[in-house]
Number of protein chains: 2
Amino acid sequence: MTHAERADLRLTPVRRRVLEILLESHAAMGAYDILARLKADGLGDQPPVVYRALSYLVEHGLAHRIERLNAFVACARPEDAHDPAFMICRTCRSVHESTVATPLDHAARASGFEIERTVIEAEGLCPACQEPAP
Amino acid sequence: MTHAERADLRLTPVRRRVLEILLESHAAMGAYDILARLKADGLGDQPPVVYRALSYLVEHGLAHRIERLNAFVACARPEDAHDPAFMICRTCRSVHESTVATPLDHAARASGFEIERTVIEAEGLCPACQEPAP
DNA sequence: TACGCAGTGATATGTTATAACACTTCTGGG
DNA sequence: CCCAGAAGTGTTATAACATATCACTGCGTA
Ligand SMILES: [Zn+2]
Ligand SMILES: [Zn+2]
Ligand SMILES: [Zn+2]
Ligand SMILES: [Zn+2]
């Protein structure tokens, strides 16, 4: 059973539409970009509308927040909970999701720090944007 | 020779004061918190003042930006260039800087992505904030 | 002097995010 | 059915973070 099929998931119209918008985009989207799309669909035009929907989707593992971009992306593997890792193209803003062992485990144990979540976001050029020198 | 001693470093009064403020704080500070301190010192009271100084310090390796917090912290090891990794306490906002091998190297090579920089920020509880259950 | 450059001052604006409160809809227990 | 609480939404306002732009100053140098 995937996350998306869980009985306690409440995908209301706004939440469903936000998830669809993210799934269609194949790239990270800012909250206000999403809001503009919602507004066009008559589903709300104030910031809290989109932020509430995004919070819900992120909490339930259907979307992730990209800290580097202050933006959001649909989860590539909503089946199971995970700390995501991303490779973000600085040119086309495309995002590739991946998974990775938390690299700070050792340092955390050594210093007594208790890690709850780790943000891992690599930035660079995706294959398509690596132009041959002009 | 440390970064801070490099001849081409131009630590103007505003830049120097911002660095001092960061060094005194032992925690991540928002740009507007820093700006309030600058204003108290008569060194400028408009956002561009502090953002220009912070950009300079970050570019020259004397400070880092914490993406998770949209905030800034003095570099713990300005001697040499590095991709920093952080452990951030969600309670007291203290930041511990560390270094770590880039964990996405393998995935990047496999997919042809060219990594330029990697953000690694763990969030959790520092030793001091791990209260015994009340 | 004239020029170019780095830094700064100042104004305005753009972008991202949340607080607060009212109202509606859903849901379970009596 | 009726009610009470929980969850969701509408709406207004504001907080917090960041940049564009243009003018001006001081300084090194041709
Ligand atoms: Zn995911
Ligand atoms: Zn690209
Ligand atoms: Zn550092
Ligand atoms: Zn702490």
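Residues numbered from 1 in each chain as written. Chains lettered and ligands numbered in written order. Predicted model: local features only at pLDDT ≥ 70, side-chain atom pairs only at ≥ 80, totals over all residues. Heavy atoms only, no water.

Section: unusual backbone geometry
Residue and element names in this part refer to chain A.
Next up, step 1: We note that R93 has phi near 65 degrees; this positive angle belongs to a residue other than glycine.
Next up, step 2: Locating R93 in the fold gives a position in the loop between β3 (84-89) and β4 (95-99).
Next up, step 3: Take R93: its relative accessible area is 32%, and that puts it in the partly exposed class. (Helix = DSSP H or I, 4+ residues; strand = E, 2+ residues; numbered from the N terminus. Buried < 20%, exposed > 50% of the residue type's maximum accessible area, 1.4 Å probe, protein only.)

Some remarks on the packing of helix α1 (residues 13-25) of chain B against helix α3 (residues 47-59) of chain B
Residue and element names in this part refer to chain B.
Next up, step 1: Contact pair α1 / α3: the axes reach a minimum separation of 9 Å and the direction vectors enclose 75 degrees. Between α1 and α3, the angle falls in the class roughly perpendicular. Facing V14, R15, V18, L19 and L22 of α1, the residues of α3 in contact are V49, A53, L54, Y56 and L57.
Next up, step 2: Looking at the contact of α1 with α3, its residues break down into nine nonpolar, no polar and one charged. (Axes fitted to C-alpha atoms, helices over the stretch in contact; angles between N-to-C directions. Parallel < 35°, antiparallel > 145°, perpendicular 65-115°, else oblique. Contact = heavy atoms within 4.5 Å. Nonpolar A, V, L, I, M, F, W, Y, C, P; charged D, E, K, R; others polar.)

Quick notes on the protein's contact with DNA strand D
Next up, step 1: Surveying the vicinity of DNA strand D reveals the residues R10, T12, R15, Q46, P48 and R52 of chain A together with Y32, P47, P48, Y51, R65 and N70 of chain B.
Next up, step 2: Sugar and phosphate atoms form 37% of the subset of DNA strand D atoms that lie within 4 Å of the protein.
Next up, step 3: In the environment of DNA strand D, a phosphate oxygen lies 2.9 Å from a nitrogen or oxygen atom belonging to the side chain of R15 of chain A.
Next up, step 4: Separating a base nitrogen of DNA strand D from a side-chain N or O atom of Y32 of chain B is a distance of 2.7 Å.
Next up, step 5: For the surface near DNA strand D, the elements supplying multiple residues, two or more each, are α3 (47-59) of chain A together with α3 of chain B. (Near = heavy atom within 4 Å. Polar contact = N/O pair within 3.5 Å; in protein donor to acceptor, adjacent residues only side chain to side chain.)

Re the coordination of the zinc ion (ligand 4)
All names here are of chain B.
Next up, step 1: At the metal site, the zinc ion (ligand 4) is ligated by C89 (SG), C92 (SG), C126 (SG) and C129 (SG), and these contacts range over 2.2 to 2.3 Å.
Next up, step 2: Considering all four donor atoms around the zinc ion (ligand 4), the spread of angles at the metal, 106 to 113 degrees, places the coordination shape in the tetrahedral class.
Next up, step 3: Summarised as a motif, the one-chain spacing of the donors to the zinc ion (ligand 4) is C-x2-C-x33-C-x2-C. With C89 in strand β3 (residues 84-89) and C129 in the segment after β5 (114-125), this residue pair connects regions lying 40 residues apart in the sequence.
Next up, step 4: According to the relative accessible area criterion, C129 is buried, its value standing at 16%. (Donors = N, O, S within 2.8 Å, 3.2 Å for Na, K, Ca; no water. Tetrahedral: all angles 85-135°; square planar, octahedral: opposite > 155°, others 65-115°.)

Focus: the protein's contact with DNA strand C
Next up, step 1: All residues in the neighbourhood of DNA strand C are listed as Y32, P47, P48, Y51, R65 and N70 of chain A together with R10, T12, R15, Q46, P48 and R52 of chain B.
Next up, step 2: At the protein interface, 44% of the atoms of DNA strand C within 4 Å belong to sugar or phosphate.
Next up, step 3: In the environment of DNA strand C, a base nitrogen lies 2.9 Å from a nitrogen or oxygen atom belonging to the side chain of R52 of chain B.
Next up, step 4: Going through the elements one at a time, α3 of chain A together with α3 of chain B are the ones with two or more residues in the surface near DNA strand C.
Next up, step 5: For the surface near DNA strand C, the leading source of residues is α3 of chain A, giving three residues.

Quick word on the packing of helix α2 (residues 31-40) of chain B against α3 of chain B
Residues and elements named next belong to chain B.
Next up, step 1: Between α2 and α3, whose axes approach to 9 Å, the crossing angle comes to 110 degrees. One element, α2, and the other, α3, form an angle in the roughly perpendicular class. At the point where α2 passes α3, the crossing takes the right-handed sense. Along its contact with α2, which presents A31, Y32, I34, L35 and L38, the element α3 presents P47, V49, V50, Y51 and L54.
Next up, step 2: Taken together, the residues of the contact of α2 with α3 break down into ten nonpolar, no polar and no charged. (Left-handed = near helix turned anticlockwise from the far one by under 90°.)

Details of the domain arrangement of chain A
All names here are of chain A.
Next up, step 1: When the domains of chain A are assigned, the result is domain 1 (3-74) and domain 2 (84-129).
Next up, step 2: Averaged C-alpha coordinates put domain 1 and domain 2 at centres separated by 21 Å.
Next up, step 3: The interface is formed by 14 residues belonging to domain 1 together with eleven residues belonging to domain 2.
Next up, step 4: Of the roughly 950 Å² buried where domain 1 meets domain 2, counting both sides, 55% is carbon and sulfur surface.
Next up, step 5: Looking at the side of domain 1 facing domain 2, the largest losses of area belong to H64, R68 and L69, adding up to 43% of the total buried there.
Next up, step 6: Applying the counting criterion to the domain 1 and domain 2 interface returns two salt bridges.
Next up, step 7: One salt bridge connects R117 with E67, and the closest N-O pair in it is separated by 3.2 Å. (Domains from an automatic or database assignment. Buried area = accessible area lost by both parts, 1.4 Å probe. Salt bridge = Lys/Arg side-chain N within 4 Å of Asp/Glu carboxyl O.)

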